[in-house]
Amino acid sequence: MASSTPAVAAPLVLNPPPYSLDALEPYMSKTTLEFHWGKHHRAYVDNLKKQIAGTELNGLGLEEIIVKSYNGGSPLPSFNNAAQVWNHDFFWSSMKPGGGGQPVGALLELIERDFDSVDALMDEFKQAALTQFGSGWAWLGYKNGKIVVEKTPNAVNPLVFDYDPLVVVDVWEHAYYLDYQNRRPDFVSTFIDKLISWDAASERLDKAISAAASKSAL
Ligand SMILES: [Fe+2]
């Protein structure tokens, strides 16, 4: 047996979704989670570890790796894997068993102020998800005190922009093909009606509002 080496906390890990792999049935199958989390998400983690081994990025936290490897808009090869790891963590926690329904509290107030209604906001969100050509992501975010809808191609994520993400839906084909084949609209509608975690969105909004308040107090 090899001699023992000092224990070092692994900065990059494959985080499991915050529910069992069959918990989103029948709207997102266990098979989809087995492939999407167990194969795709895992590959992003494994590939990132290989890419940054021996580089100045090794040992940094994931968010720091994302910002540094974005390289001011000329991304280094490790950016795609790093951002995809973060995006998938965020996506899993943007859903919950028994999701859907309606937002409440401050989130609902902001949505009604900025979009008139939750339905109007989600129509725009759905449009963003459907018009993202090819692979990418559609986001609900918080920017300059307002609720916004954004979309990003491939692995690009809000950490390199100026808004705080509240919820994301993955519109890479690997997110829905096993359950919905080519029917991205059905997948996005189901995400909105049955899977979205408004609790997570509210928690993230509270943090974004607090962070903005602390910043402006400086
Ligand atoms: Fe994905």
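Definitions and cut-offs
- Residues numbered from 1 in each chain as written.
- Predicted model: local features only at pLDDT ≥ 70, side-chain atom pairs only at ≥ 80, totals over all residues.
- Heavy atoms only, no water.
- Domains from an automatic or database assignment.
- Buried area = accessible area lost by both parts, 1.4 Å probe.
- Salt bridge = Lys/Arg side-chain N within 4 Å of Asp/Glu carboxyl O.
- Helix = DSSP H or I, 4+ residues; strand = E, 2+ residues; numbered from the N terminus.
- Nonpolar A, V, L, I, M, F, W, Y, C, P; charged D, E, K, R; others polar.
- Contact = heavy atoms within 4.5 Å.
- Buried < 20%, exposed > 50% of the residue type's maximum accessible area, 1.4 Å probe, protein only.
- Pairing = 2+ DSSP bridges.
- Donors = N, O, S within 2.8 Å, 3.2 Å for Na, K, Ca; no water.
- Tetrahedral: all angles 85-135°; square planar, octahedral: opposite > 155°, others 65-115°.
- Phe/Tyr/Trp six-rings, centres within 6.5 Å; stacked < 30°, edge-to-face > 60°.
- Lys NZ or Arg CZ within 6 Å of the ring centre and 35° of its normal.

Caption draft 1: Representation of the domain arrangement of the protein within the structure. Looking at the assigned domains, one finds that the protein contains domain 1 (30-92) and domain 2 (105-217). Distance from the C-alpha centre of domain 1 to the C-alpha centre of domain 2: 20 Å. Summing both partners gives a buried area of about 1700 Å² for domain 1 against domain 2, and 70% of it is carried by carbon and sulfur. Sorting the residues of domain 1 by area buried against domain 2 places Thr32, Phe90 and Phe91 first, and these three jointly supply 36% of that buried surface. At the surface where domain 1 touches domain 2, the tally comes to 0 salt bridges. The set of elements that each furnish at least two residues to the side of domain 1 that touches domain 2 consists of helix H1 (30-52), helix H2 (62-70) and helix H3 (78-92). Tallying contributions element by element places H3 first for the side of domain 1 that touches domain 2, with 9 residues. Here the side of domain 1 that touches domain 2 is built from residues that sort into 10 nonpolar, 8 polar and 1 charged.

Caption draft 2: How the structure looks around the environment of Ala128. When you line up the elements, Ala128 lands in helix H5 (residues 118-131). Spatially, the C-alpha atoms of Ala128 and Phe161 are 17 Å apart, while their sequence positions differ by 33 residues. For Ala128, the contacting residues outside a window of four places in its chain are Ala138, Val149, Glu150 and Lys151.

Caption draft 3: Expanded view of the pairing of strand E1 (residues 136-143). Most of E1 sits inside the fold, with 7 of its 8 residues counted as buried. In this sheet, strand E2 (residues 146-153) lies alongside E1 in antiparallel orientation, the contact comprising 8 bridges. Note that in E2 the partner of Lys143 across the bridge is Lys146. Joining the antiparallel neighbours E1 and E2 is a turn of 2 residues, in which Asn144 adopts a positive phi near 50°.

Caption draft 4: The arrangement of the coordination of the iron ion in detail. Around the iron ion, the protein contributes the donor atoms His36 (NE2), His88 (NE2), Asp170 (OD) and His174 (NE2), which lie 1.9 to 2.1 Å from the metal centre. Classification of the site at the iron ion as tetrahedral follows from its 4 donor atoms and the range of 90 to 129° in their angles at the metal. Sequence positions of the donors to the iron ion reduce to the motif H-x51-H-x81-D-x3-H. Remark: His174 occurs in the loop between strand E3 (164-170) and helix H6 (177-180) and His36 occurs in helix H1; sequence separation between them is 138 residues. Residue His174 is classed as buried on the basis of its relative accessible area of 17%.

Caption draft 5: Fine view of the packing of aromatic side chains. In this structure the tally under the stated criterion is 12 aromatic pairs. Centre to centre, the rings of Phe90 and Trp139 are 6.0 Å apart; their planes meet at 45°, and the pair counts as tilted. Within this pair, whereas Phe90 is found in helix H3, its partner Trp139 is found in strand E1, the two being separated by 49 residues in sequence. Trp139 sits in the buried class, given a relative accessible area of 0%. Considering the side-chain rings of Phe91 and Phe191, the 6.2 Å spacing of their centres and the 20° angle between planes classify their relative orientation as stacked. Taken together, the residues span a long stretch of sequence, with Phe91 in helix H3 and Phe191 in helix H7 (residues 184-195) at a distance of 100 residues. Here Phe91 and Phe191 have matching classes, each one buried. By the ring-pair criterion, three or more aromatic residues cluster together here, those being Trp86, Phe90, Phe91, Trp92, Phe125, Trp137, Trp139 and Phe191. Sitting over the ring of Trp37, Arg42 keeps its end group 5.5 Å from the ring centre. The aromatic ring of Phe90 is capped on one face by Arg204, whose charged end is 3.6 Å from the ring centroid.

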